[in-house]
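Take a look at the letters that make up each chain.
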Amino acid sequence: MIKYSLLLLLVQCVSTGLQGQNAPLSIHYYLPPTSFDNGIQSPSAFMGYEPGEWHMSHDQVVYYCKHLAEQSDRVLYKEYGRSHENRPLFHLIISSEDNINNIDDLQSLHMELAHPETAENVDINNLPTVINLGYNVHGNEQSSVSASVIVAYYLAAGQSRRVDSLLNSTIVLLDPCLNPDGMNRFSSWVNMHKSKNPNASPASREHNEIWPGGRSNHYWFDLNRDWLPLVHPESQGRVKRFHEWYPNVVCDYHEMGTNSTYFFQPGVPSRNNPLTPDKTFELTEEIGNYHAKYLDALGSLYYTKESFDDFYFGKGSTYPDINGAIGILFEQASSRGHVQESIFGDLTFAFTIRNQVATSLSSLEAAMELREPLNEWKRQFFQSAIDESKQHPVKAYIFKSGKDQSKAMHFLNVLETHAIDIYSTKEAVKKNDVDYPAASYIVPLEQRQHRLIRGIFDTTTVFQDSIFYDVSSWTIPLSMNIEYDLITNQAELQRIKGEPFEIGNIVRRPQRVEKASYAYIIETHDYFAPALINTLLQNGLRVMFSKDTFELKYDGVNPKSFEPGTLIIPVQRQEISADAIQEALQSVAVRYGIPIYSIDSGNTAAGIKLGSPSVSMIQPPKIALMVGEGYSYTECGEVWHLLDFKYDIDVTLVDIRQFNRLNWDEYTHLILVSGSPKLTDGNKEHMKRWVNAGGTIISINNAAQWLSSNNFINLSRSNQEENAEEDSTEKVRYVDYVNKRRSKWMSGAIFSLDIDQTHPLFYGYETSSIAVFKRGNDFYEAPKNKYASPGMYSDQALLSGYMPKMLDTAPEGKAGITLHRSGRGKVICFHDNPLFRGYWLAGHRAFMNAIYFSGGISLATMAQE
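Residues numbered from 1 in each chain as written. Predicted model: local features only at pLDDT ≥ 70, side-chain atom pairs only at ≥ 80, totals over all residues. Heavy atoms only, no water.

Here we come to the sheet that holds strand β22 (residues 560-562). The sheet built from three strands is open, its strands ordered β22-β21-β25 with antiparallel pairing. Each edge of the sheet is formed by a strand with only one pairing partner; in this case those strands are β22 and β25 (606-607). Across three bridges, strand β21 (residues 550-552) lies against β22 in antiparallel orientation. Following the sheet pairing, E551 is matched in β22 by S561. (Pairing = 2+ DSSP bridges. Helix = DSSP H or I, 4+ residues; strand = E, 2+ residues; numbered from the N terminus.)

For the rest of this paragraph, the subject is the packing of helix α21 (residues 633-646) against helix α25 (residues 841-852). How two helices sit against one another is set out by the angle between their axes and by the gap between those axes. Running from N to C, α21 and α25 cross one another at 75°; their axes reach a closest spacing of 12 Å. In terms of orientation, α21 and α25 fall into the roughly perpendicular class. Where α21 abuts α25, its residues V639, L642 and L643 lie against H844, F847, M848 and I851. Across the contact of α21 with α25, the residue classes break down as six nonpolar, one polar and no charged. (Axes fitted to C-alpha atoms, helices over the stretch in contact; angles between N-to-C directions. Parallel < 35°, antiparallel > 145°, perpendicular 65-115°, else oblique. Contact = heavy atoms within 4.5 Å. Nonpolar A, V, L, I, M, F, W, Y, C, P; charged D, E, K, R; others polar.)

Okay, the pairing of strand β2 (residues 75-82) next. One ladder, built from seven bridges, connects β2 with strand β3 (residues 88-94); its direction is antiparallel. Directly across from K78, in β3, lies its bridge partner H91. Hairpin connection, β2 to β3: the antiparallel pair is bridged by five residues, and N86 has positive phi, about 65°.

Read across the open sheet, the five strands follow the order β17-β12-β16-β13-β18; overall the sheet is antiparallel. Looking at which strands have only one partner, the edges of the open sheet turn out to be β17 (484-487) and β18 (497-500). Averaged over all neighbouring strand pairs, the angle between strand axes comes to 35°, with direction disregarded. Sheet topology places strand β13 (residues 423-425) next to β18; two bridges connect them, and they run antiparallel. Along β18, the bridge assignment pairs T425 with K497.

Once that is clear, we can look at the packing of aromatic side chains. What describes a pair of aromatic rings is the distance from one ring centre to the other and the angle between the planes of the rings. The final tally for this structure, using the stated rule, is 59 aromatic pairs. Plain terms: the ring middles of F468 and Y802 are 5.8 Å apart, the flat faces sit at 45° to each other, and that makes the pair tilted. Remark: Y802 occurs in the loop between β35 (791-800) and β36 (814-822) and F468 occurs in the loop between α16 (450-457) and α17 (476-479); sequence separation between them is 334 residues. A relative accessible area of 15% means that Y802 is categorised as buried. Summarising the aromatic geometry, the rings of W664 and W690 are spaced 5.3 Å apart at their centres and angled 55° between planes, so their arrangement reads as tilted. Remark: W690 occurs in helix α22 (residues 681-692) and W664 occurs in the loop between β28 (651-655) and β29 (669-672); sequence separation between them is 26 residues. (Phe/Tyr/Trp six-rings, centres within 6.5 Å; stacked < 30°, edge-to-face > 60°. Buried < 20%, exposed > 50% of the residue type's maximum accessible area, 1.4 Å probe, protein only.)

Running from amino to carboxyl end, helix α19 (residues 529-538) crosses helix α20 (residues 578-592) at an angle of 155°, the nearest separation of the two axes being 11 Å. Regarding the angle of α19 to α20, the classification is roughly antiparallel. The way α19 lies across α20 gives a crossing that is right-handed. For the pair α19 and α20, the contacting residues are A531, L532, T535 and L536 in the first and L585, V588, R591 and Y592 in the second. Residue classes in the contact of α19 with α20 are distributed as six nonpolar, one polar and one charged. (Left-handed = near helix turned anticlockwise from the far one by under 90°.)

A separate point is the environment of E282. Take E282: it is sitting in helix α12 (residues 278-298). In this structure the C-alpha to C-alpha distance between E282 and P266, which are 16 residues apart in sequence, comes to 8.7 Å.

Here it is as structure tokens:
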């Protein structure tokens, strides 16, 4: 009898799986037996096709969600932002009619529950849980978009006791598309290549997007790495909304390789971030039982506790964990189109949608049935954070703005968006030989966001595991070159802690630029100095920069010192009038908040005179960025975003297919990123002739190795391959091979780079070392010409993150930046990525100096090729 039951179960599972691939499509294929309100159109009635037959466009999803909100008393439509392409970012709030009518009060109760000072007053016995269903952060993983529409319809129009129970017990924040720009790009691709008779071959054009693909957002960034740094409007709006609700559960839906099955968290236990409490993972596992039940009913294969981790807090399934919620990652094998061959047979788009619907419903059921423990955990999470902080040896972090107010304001805005309390200091303090003046900033750890604060500020080089799905460190103040330190004494903290700081209370008073008869002087410490330079050049002004220090008695009495990199705008020998010059400078002073000094003589009090040979003219750059097949689309996007979005600088995106059509004479700078582009020998010779004639190549990350391999420059690489031979005396096991190899690769760590502040690449920096982000095992020898490596890895270079033991001495004496002469041209190589994920502000200035100040770098100081 037992054998017969097992056989019957196996037959049922196989039959269910086959039906899943081949059954006729209708709403009932995806959902449990339910009747629906006839006054609310189904997705197929509204769009004219069944979900799974086509990939939805973003506007269809928007209009359908608005339809649900208009026709159902259970649904509210709330826009929280706009994407780079001006598409609406929104979510639906779905709950029972009674809950919707009291939604503001329920939202307030959840906010109170997330604050220890009010949490005990909240009665959780009848408080609905808040569950955030977040779909399609990667635009080409679209099973979840169609699933979101089906789930929204089920909750808005479903007529059953089950639906009523779900709605009474939960408030659903349903975000159908976290990345609308990438989503629309991919849906257009697969729909335009769909055949009348679907073709499942992996070789079909439908399944092979052209570069850059639809995964990323408009600027080719991975939005599922941006929850913490908040570079993009999609993430900024999403995180602000998170802190308006503090959901109990956050579901993050993805896709993976076609030959995979289905994954849901927990991830690999040894790779959990130690700042996340164990209770979070216990609840994650308990909720996982619901997913298993629902997928078992479909006969769908799945796994858990492998492949993926919960370490980096910048992901959609991990950020909630450090904010009192249960974040859950889901990964469905992808059809990457409408049907594709797999090792399990043809994988249909509809089948992938159905699995995502199933785990959406299982998550809702878990949120309903675990309502009280989930609400209680939210309360305990923030209360226990206060308790932990009292035992922690660090009491606060202190940091200052220095001479770069814009960068400091950006960092403060990031902290404020993450609901972190900040205070001003009321007196000066000195820490480790660094002066922190009054009105610096304090972030006390005794607050409800204690764990998240540590996740932003902490550094570590000790880990339980040596394998990371993403980076091993991301310390935000290091990434921005913010000087900060620890306060370990509670009495000292109380002595210097001032009033609460809020960015909204800052009043920027426009600076009045006095009319100068001789010149205007502008320091370049501010983050937006490159944007200011660009604006002045666009206005037709001639702009010079100093390569040495000088002093001016600006107030007529006390001399003020100006460092190398200071801008000089002479009044004479300009193409516009003195009045127009003053007007242009007044405009940029107001726009960027950077002080501008008006002077009436070039006779400095000390140092060089303003007409010195140590003053160079900035030539307006014409910048080309190579993009397309073979290049890293994320690195291309980082360059494009910095120049175009951050600094309003024109950059031509030159697709590799258009190489032969490029008029090289129009361009002064060429930017190359990592990759293996397929350029012909003729293409390479053309590029060499251009640089030899006086062009400047700027390479980032592994692009330098491509330049070396193709004889543009000469580099000596020191590489410890991750597949290096094992110790012959060490016993090995086959099962450990993959993990052993992965443990020998540096997935992303932070290093210290000693810099020469007198070098044009490092004008404007206040510190003699900066943090750089390094991924991979490559290090480069310094050229024989010592002036050609103005950035060298520091002694004890590792600041934070995992570095394989075999690399312990690898950074010693190695160059992080090298400069090479090629004829009359220059090749400037950043051997790490100075623009990593758009938030590595520490490298932005050097990269921009390579554009604006490269003309002032002597060829004699470069490695001779």
